[in-house]
Amino acid sequence: MTYAGSWKIGDLLTFYVNTQVFSTGVATDADSPPTYRVYEDETGTPLLTGSMALLDSANTAGFYSEQITLSSGNGFDKGKSYAIYITATVSSVAGATHRTFQIEAE
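Residues numbered from 1 in each chain as written. Predicted model: local features only at pLDDT ≥ 70, side-chain atom pairs only at ≥ 80, totals over all residues. Heavy atoms only, no water.

1. Comments concerning the overall build of the chain
Moving on, step 1. Scanning the chain for helices and strands turns up zero helices and eight strands.
Moving on, step 2. From first element to last, N terminus to C terminus, the chain shows the α and β order β-β-β-β-β-β-β-β.
Moving on, step 3. Against the compact-globule benchmark of 13 Å for 106 residues, the chain has a radius of gyration of 14 Å, which places it among compact chains.
Moving on, step 4. Its C-alpha atoms give the chain principal-axis dimensions of roughly 40 × 25 × 20 Å.
Moving on, step 5. Buried residues in the chain amount to 28% of all 106 residues. (Helix = DSSP H or I, 4+ residues; strand = E, 2+ residues; numbered from the N terminus. Rg over C-alpha atoms; globule rule 2.2 N^0.38 Å. Buried < 20%, exposed > 50% of the residue type's maximum accessible area, 1.4 Å probe, protein only.)

Structure below.
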């Protein structure tokens, strides 16, 4: 787990993931772009979903990023906690990780 900090409504949050071969740990591109789902607290329906994009693919292996807008229009609220659930498949082996963040934590 990685804590991505406390943000304000309207901020842009950029998050990253690096995919690797399970057996060796060597960084490599995923079979397809990793996908993400953003959840508020323990709500089972994601606020946002999507796919990540390779970042600097000419000089890195398996390094992906995505940027989301933390707006009230996208469902984000002051004082709430959020989790970004990220999944990817590398060489037919599926894996997952997550990031957490808050909006104006007090």
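Still more ground to cover, so stick around.
2. Considerations on the sheet that holds strand S6 (residues 63-69)
Moving on, step 1. Spatial strand order, S2-S6-S5: three strands in an open sheet with antiparallel pairing. Strand pairing shows two members of the sheet lacking a second neighbour, strand S2 (12-18) and strand S5 (53-54), which therefore form its edges.
Moving on, step 2. Sheet topology note: the S2/S6 ladder contains seven bridges and is antiparallel. Across the sheet, Phe15 pairs through a bridge with Glu66, a residue of S6. (Pairing = 2+ DSSP bridges.)

3. Focus on the environment of Gly10
Moving on, step 1. Within the secondary structure, Gly10 is located in the loop between strand S1 (2-7) and S2.
Moving on, step 2. In this structure Gly10 comes out as partly exposed when scored by relative accessible area, which is 46%.
Moving on, step 3. Here the alpha-carbon distance between Gly10 and His98, two residues 88 residues apart in the chain, equals 22 Å.
Moving on, step 4. Residue contacts for Gly10: discarding those within four places in its chain leaves Thr69, Leu70 and Ser71. (Contact = heavy atoms within 4.5 Å.)

4. Focus: the pairing of S6
Moving on, step 1. With two bridges connecting them, S5 and S6 associate as antiparallel partners. Note on S6: the bridge partner recorded for Ala53 is Ser65.

5. Some details on the packing of aromatic side chains
Moving on, step 1. Applying the stated rule across the entire model yields five aromatic pairs.
Moving on, step 2. Taking 5.7 Å as the distance between ring centres and 5° as the angle between the ring planes, the aromatic pair formed by Tyr16 and Phe63 counts as stacked. Pair noted here: Tyr16 is in strand S2 and Phe63 is in strand S6, with a separation of 47 residues, a long-range link.
Moving on, step 3. Aromatic ring contacts, followed pair by pair, group Phe76, Tyr82 and Phe101 into a single cluster. (Phe/Tyr/Trp six-rings, centres within 6.5 Å; stacked < 30°, edge-to-face > 60°.)

6. Structural notes on the pattern of salt bridges
Moving on, step 1. Applying the stated criterion across every chain, the model contains two salt bridges.
Moving on, step 2. Between Lys78 and Glu104 there is a salt bridge; the shortest N-O distance is 3.9 Å. Residue Lys78 is located in the loop between S6 and strand S7 (81-90), and its partner Glu104 is located in the segment after strand S8 (93-103); the two are separated by 26 residues in the primary sequence.
Moving on, step 3. We classify Glu104 as partly exposed; its relative accessible area is 25%. (Salt bridge = Lys/Arg side-chain N within 4 Å of Asp/Glu carboxyl O.)

7. Brief notes about the sheet that holds S7
Moving on, step 1. What the five strands build is an open sheet, ordered S1-S8-S7-S3-S4; its pairing is mixed. Single-partner strands in this sheet number two, and they are S1 and strand S4 (48-51). Each adjacent strand pair in this sheet contributes to an overall mean axis angle of 20°, direction not counted.
Moving on, step 2. Pairing of S1 with S8, which is carried by four bridges, proceeds in the parallel orientation. In the strand pairing of S8, Ser6 is matched with Gln102. (Axes fitted to C-alpha atoms, helices over the stretch in contact; angles between N-to-C directions.)

Just geometry here; none of it tells us what the structure is for.
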